[in-house]
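# A look at the structure
Residue strings, one per chain:
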Amino acid sequence: MADTNELIMPSSSHIALLPSSGMGHLTPFLRLAHLLASCNVKVTFITPEPTVSLAESQILSHFFSAFPQICQEKLHLLPLDNFSASSEDDPFYHHIEVIRQSSRLLSSLLCSVSPPLSALVTDMSLTAAVVPITEALKIPNFIFFTSSAKMLTLFVSFHTLAGSKANANSYEMDYIKIPTLEPIPRSWIPPSLLQDTNNLLKTYIIENGKSMTKSDGILVNTLESIEQSSLLALNGGKVIEGLPLVTAIGLLPPLYFEDHQPLAWLDDQPAGSVVYVSFGSRTAITREQLRELGNGLVGSGCGFVWVVKDKKVDREDGKELVNVIGDELMERVKEKGMVVKHWVNQESILKHPAVGGFLSHCGWNSVTEAMWHGVHVLAWPQHGDQKINADLVERIGLGTWEKSWSWGGGEIVMREQIAEKIKEVMGNKLLRSQAMRIREEARNGIELGRGSKKGLTELIKMLKKERS
Ligand code: UDP
């Protein structure tokens, strides 16, 4: 159990949090906000409005009714200046640009809250825009990095890589070299980052990565025990000089209101027999790949809960499930599994005793949730940081990654391969026990609902130091 005296802040402490775009960023911020509020901190949660997805606006409204002690401040987004959106742009990166440009409204918002702020916790994608504002206001600014510490090593050093001698060849060739860490295969990096031309993702990583050194600290939702080498390199000044302390705050436990979905179908399935299949909140799979995946699930002989996503943004995802996967597949999948095309409560599914495996895109939240619930993973990364996370999943023994499967809508993976791999992973007793061991590790020293004792204590200590 955590020593409460260690964790409680003076009652005048007031922390504001500023998340960015998409559920993958919002969810860990909500969990952190709740954690801080449970340590006697007054918490103000700044919500950029409107959100891109419906899921974000729905979870926000549940959150503020479940935790009325947490204050909401709205950052009303401005129309974009000097920016021509391209149809190629990811709507979530586009939204980050809107928040970035609207951040000039932040100064008056941060000054208007009472009592005066002890600190702001900002999403990594807004670092470059927000650090100058908090510097001018003399408010400590901590960056919350919502992916793995391994991904952080790439994020903070990416701006130096293209020009460096060490990478002069490797950048062009097969590997990206980050000092003291194993080289990262170029094929794990999203292609848009390696293009010569500028694009939103590239600018966002270069600009924000550079500005991280100007923040007062970096928080990562990870376990020290599984990401020791990255954390040591980051904190030893090896990856980049001048970085503030990077703190692994432990896995953030789910909030109870996330856990409410009735799962009657799952209740009738044998323990550990069902594979849960989801590619997160913002990845649409092509129709052709969906057909192969559905047939692969049926062919595996395992029970499954399959979340189908047809469009990146849920507001545009209006088609009926049957019109997306077709009548024939619909009939086949109904016999063996539960197939939905709407937001599900992932936490309720992962914690259900019938669930014994997770076919996941390896968004960082999904990986941490699999660790938290001890469910082993078959990794099928799709874009962004997901190959780096999938590699970590494999290294720590949480799961396996079939590297020959393409990402981002490349070559279609056929039903036979999918069926075979699912069968193999669901029958893998070693992975199952390793996932349970990681679950124990993740929860070790945790007072339920509060987070990792060590990580939390360090966070509170940092905030106290900034105040004195
Ligand atoms: N999620 C959920 N239900 C869904 C889809 C996603 O609860 O139907 C949650 C999931 O539990 C996780 C987050 O949304 O907390 C997705 O974040 P992640 O980093 O895994 O992937 P992203 O969606 O950012 O690609």
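Overview of the structure. Along every chain, residues carry numbers that run from 1 in the direction the sequence is written. Reporting in this predicted model follows two pLDDT cut-offs: at least 70 for local features of residues, and 80 or more for side-chain atom pairs to be given and counted; totals over whole chains, interfaces and linings ignore these cut-offs and use all residues. No hydrogens and no water enter the side-chain calculation; it runs on all heavy atoms of the structure.

### Topic: the overall build of the chain
- Numbering of helices and strands runs from the N terminus; a helix is a DSSP stretch of H or I covering at least four residues, while a strand is a stretch of E covering at least two. Along the chain, the regular secondary structure elements total 21 helices and 17 strands.
- Any residue under 20% of the maximum accessible area for its type is buried, any over 50% is exposed, and the rest in between are partly exposed; the area is computed with a 1.4 Å probe on protein chains only. Out of the 468 residues in the chain, the part that is buried amounts to 59%.
- Contacts in the chain between residues far apart in sequence, at least 24 positions, make up 74% of those at least 6 positions apart. For this analysis, residues touch if any pair of their heavy atoms sits within 4.5 Å.

### Details of the sheet that holds strand 15 (residues 399–401)
- Strands are labelled as partners when DSSP assigns at least two bridges between them. Reading across the sheet, the six strands line up as 12-11-10-13-14-15 and stay open at both edges, with parallel pairing between neighbours. Only two strands of the sheet have a single neighbouring strand rather than two, namely strand 12 (337–340) and strand 15. For this sheet, the mean angle separating the axes of adjacent strands, direction not counted, is 15°.
- For strand 10 (residues 274–278) and strand 13 (residues 355–360), the ladder comprises five bridges, and the chain directions are parallel. The residue of strand 13 that forms the bridge with V275 is G357. Axes here refer to lines fitted to C-alpha atoms; in helices the fit is confined to the stretch in contact. Angles between the N-to-C directions go from 0 to 180 degrees.

### Topic: the packing of aromatic side chains
- Between rings of Phe, Tyr and Trp, where Trp is taken as its six-membered ring, a pair exists when centres lie within 6.5 Å; planes separated by under 30 degrees are stacked, by over 60 edge-to-face, and by other angles tilted. Throughout the structure, instances matching the rule amount to 12 aromatic pairs.
- With a centroid separation of 6.1 Å and an interplanar angle of 70°, the aromatic rings of F45 and F64 are classed as edge-to-face. Residue F45 is found in strand 2 (residues 42–49), and its partner F64 is found in helix 3 (residues 54–66); the two are separated by 19 residues along the sequence. Take F45 and F64: they sit in the same class, and that class is buried.
- Placement of a charge over a ring requires the Lys NZ or Arg CZ to be within 6 Å of the ring centre, with the centre-to-atom vector within 35 degrees of the ring normal. We note R282 situated over the ring of Y93; from NZ or CZ to the ring centre the distance is 5.5 Å.
- A cation over an aromatic ring shows up here: K387 above the ring of W407, its NZ or CZ 4.3 Å from the ring centre.

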